[in-house]
Amino acid sequence: MLIALVLGLSVLALVVAWGLRGYVLRQDTGTADMRKISDAIQEGAEAFLRRQYRTIGLLSIALGALIYVLYAFFRKPHEGEPAAATLALTTTLSFLFGALCSGIAGLVGMYVAVRSNIRSASAARSSLNKALQIALRGGAVSGLFVVAMSLLGVGLLYTVLDGLHFAPTKIPLMIVGYGFGASFVALFAQLGGGIYTKAADVGADLVGKVEAGIPEDDPRNPAVIADLVGDNVGDCAGRGADLFESTAAENIGAMILGSGLAAANLGVFTPVQVVGLMLFPLVARAFGLVASIVGVLVVKAREDEDPMHALNRGYMWTALLAAVGFVGGTYWLLNPASHPDAWWHFALCGVIGIVTSIAFVYITQYYTEYRYRPVKSIAAASVTGPATNIIAGFAVALECTALPTFTISAAIITSYRLGASSGLAHAGLFGTAVATMGMLGTAAYILAMDTFGPITDNAGGIIEMSHQPEAIRKRTDRLDAVGNTTKALTKGYAIGSAALAAFLLFSAYLDEVAALGSPLASVDISKPEVFVGGLLGAMLVFWFSALAISAVTKAAVNVIKEVRRQFQADPGILKGTSKPDYGTAVDIVTIGALKAMVAPGLLAVGMPIAVGLFFKLFHLGAETVAAFLMVGTIGGILMATLLNNGGGAWDNAKKFIETGEYGGKGSPAHKAGVVGDTVGDPFKDTAGPSLHVLIKLLSTVTLVLAPLFV
C-alpha cells in the first residue's frame, strides 16, 4: 500500500505538471518580432543541451562500465551480501537509471521554460499577475517533474528488487548507484550550463554595457541571444538536475539509516513497520509534492503589489502543508507500540527542517536584496570605483557564511538530540535524516521559483529586443528583479539542503562501512594519513572552484573578442542599420562550455576514488575517505555560501544603482557596479551551484564505492 501511495502521488504530480504545461502553451505568443527572438533562444538552448547530454551520456556509459568491473572483479565479498555479479548488475543498472532520469528531468523542465518566456512577455503587455502566474506555472512544470521523477525512480527500483524477493533492509544499499548516477549527471549539467551562461553574460556585459554603452538585452549586441540562452541551460536544466540528485540521494541515504535504525532496535518494529520505516522518506517526499502543487496554484498578485510577496505567500502555504504531512506521516509510520512518544520527536525533526528552509530563504534575501544593508553597502562603495566595489562585495561574501552556518548547526544538533531522546537506540542520526527530509519537502515549489527567474529574465529581454513600450518593460523589470531574488534564494536553499543531506549521507557511509565489517566509532585525524585525507578534501573544493571560474574566463574572452570583431567589421550594427550575427557567439560559447566542463567534472569523480584506493595500501582506506568526505563537505558548504551570496549581492548592487541611485545607468558608479557584477557572475552561477553538486557527489561516490576502500 505504501509503495502504491508513493508511486500514485508521483504520477499525480506528473499529471499536474503536464496540465500546467498545457496551460502555459495555450497562452498568447505575442507579436511576430517577439516570436522571432523567442525562437532564437529556444533553438540555441535545445542545440546546446543536445550536444551537452550526448557528451554526458557517453561519460555515464563509460563510468557505468567501470563500476560494473570494479564491483564484479575487484571488491571483496562481505558476509550477508548478495552475490558479486548480482550487486555489480544492480549497482550499475541503478547508476545508469539515475543518470537517465536526471537527464530527462532537466530536459523537460528546460523544454517548457524556453516556451514560457514568450508567453509571460506577451501577458506582461496587459497584466502583471497573468505574467507572474505563467512564469511560475512554467517553472512548476520543472519543479514537479524533477521531484516526481526522483521519487518515481527510487520507488520503482525498490518495487522491482522487492518483487525479486531481496530482503527489504538490503535494498537501499543495492540501489545507491541511482543517487550516484543522478549526482554525476547533475555535476556536468550544472558545470556546463553554468560555464555557458556566465561566459555569455560576462562577454555581453563587458563589451555592451561598459565599452559600447548600450543597454542590457540590446538587440545590437551579438552576444545577447547567447546570454538569454544561458539563463535557461544554467538555471533551468542545471538547477533541475541539482535538486533532482539532492532528493534522490537523500531518499536513499535516509532509507539506509532507516534500515540501520531497524537493525539497532530488533523486536521493536514488526516486519511491516520495518518496511514503513524504510519507505517513510518516500512517503514524506510524496506529501511534499502535494503541498507544492497547492502552493503554486494559490499564487496571485495585485497589479500594484510586490510580486515577491505573492511568491512568499505560496511558499508559506507549501511549507505549512508539508509540515502537516510530516506530522501525519510520522504518526502513521514512525510509531512503534513500545515507544509511543517516538513519533512526535521525529515530527519535530521534520518541522525543524522546514523551518531551516524558511530561515535560509530569508537569510539569502537579506544578503542579496537591495532593500537591506549588505547590498546597499556595495552600491555605496561603487561611487569610488570598481576596486572599492569589489573589496566591499568580497567582504559581504565572507560575512554571509556566518548566519547559514549557525542555522545549519542548530538544525543538526537539535534534530540529532530530538531523535536520540525518542527512546529508540541509535536514533539521533535518523532524526537528522528526518530534518533533511523536512528541508527538501518544499523542493518542488523552490525549484518552480528558481525557474521563474530565467523565464522572467528572458521575458524582459524579449520585450526589450522587440522594442515594446517603456511601460511594459517596467512591468517585466519588476518581475525580473524578483526573479533575481528567487534565483539567489534557491541557491541558498540548495546549499542548506546540501549541507543537511551531506551530513545524512556521511552517516549513511559510516553505516555502510560498519555493515561491511569495519565499523568506525570515530574518525581520528591525529593519524597522519587521515589528516592528509581531510586536507585533500578541503583542497579539492578550492581546486574545483578555480577550474570552474577559469573556464568562464576562457570562454568569455572568446565571446568578447567576437563581439568586438563584429562591431569593428560592421559599424552599422551599433547604428542599428545592420543585424549582428548571433549564431557565431552561441557556437563559441557552446564549444567552450562543453570542453571546459570535463576537467573539473572528472576531478570531482576521480579524487575520492584515488584517495580511497591509495590509502587502502596503509589499511586506512575507509577512515581516510571519511575524513576526506567530512572536511571536503565543510569546506564546500562555506565556499558555496560565499560564492552564491557574494555573487548575488554584487548583481543586485548593480541593479540598485540602475534604479537611479548614485547617478543611475551610465554613471561612473554604474560602470563600477557592472564590473563587480561581472566578477560575481561566475561565483554565483558557475562555481557556487556546482559546489552544491560536488558536496553530494562526494557522498554518493563514496557510498557506491565504499566496499572497495574497506
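Just above sits the structure.
Below or above, wherever it landed, is the structure these notes cover. Because the structure is a prediction, the values reported are computed rather than measured.

Another aspect to go through is the environment of K36. Inspection of the secondary structure assignment puts K36 in helix α2 (residues 32-74). Judged by its relative accessible area of 54%, K36 falls in the exposed class.

It is worth spelling out a nonpolar patch on the surface at this point. Residues L12, V290, V294, V298, W317, L320, L321 and V324 make up a contiguous nonpolar surface patch of roughly 650 Å² in combined accessible area. Elements with a minimum of two residues in the nonpolar patch: α8 (271-297) and α9 (307-333). If one sorts the elements of the nonpolar patch by residue count, α9 sits on top with 4 residues. Relative to the helices and strands, V294 is located in helix α8. With a relative accessible area of 32%, V294 lands in the partly exposed category.

Inspection of the entire model under this criterion finds 19 salt bridges. Residue R302 pairs with D304 through a salt bridge whose shortest N-O separation is 3.6 Å. By relative accessible area, which is 66% here, D304 ends up exposed. R565 is paired through a salt bridge with E562; the nearest N and O atoms lie 2.8 Å apart. Of the two residues, R565 and E562 both sit in helix α17 (residues 528-569), 3 residues apart, roughly one turn of that helix. Judged by its relative accessible area of 44%, R565 falls in the partly exposed class. Salt bridges linked by common partners bring K198, D201, D651, K654, K655, D677, D681, K684 and D685 together as one network.

What counts, and where the lines are drawn
Residues numbered from 1 in each chain as written. Predicted model: local features only at pLDDT ≥ 70, side-chain atom pairs only at ≥ 80, totals over all residues. Heavy atoms only, no water. Helix = DSSP H or I, 4+ residues; strand = E, 2+ residues; numbered from the N terminus. Buried < 20%, exposed > 50% of the residue type's maximum accessible area, 1.4 Å probe, protein only. Patch = residues over 30% accessible without salt bridge, like charges linked within 9 Å, V, L, I, M, F, W, Y side chains within 5 Å. Areas by Shrake-Rupley, 256 points an atom, 1.4 Å probe, with all protein chains shown as cover. Salt bridge = Lys/Arg side-chain N within 4 Å of Asp/Glu carboxyl O.

What is shown is where atoms sit, not what they do.
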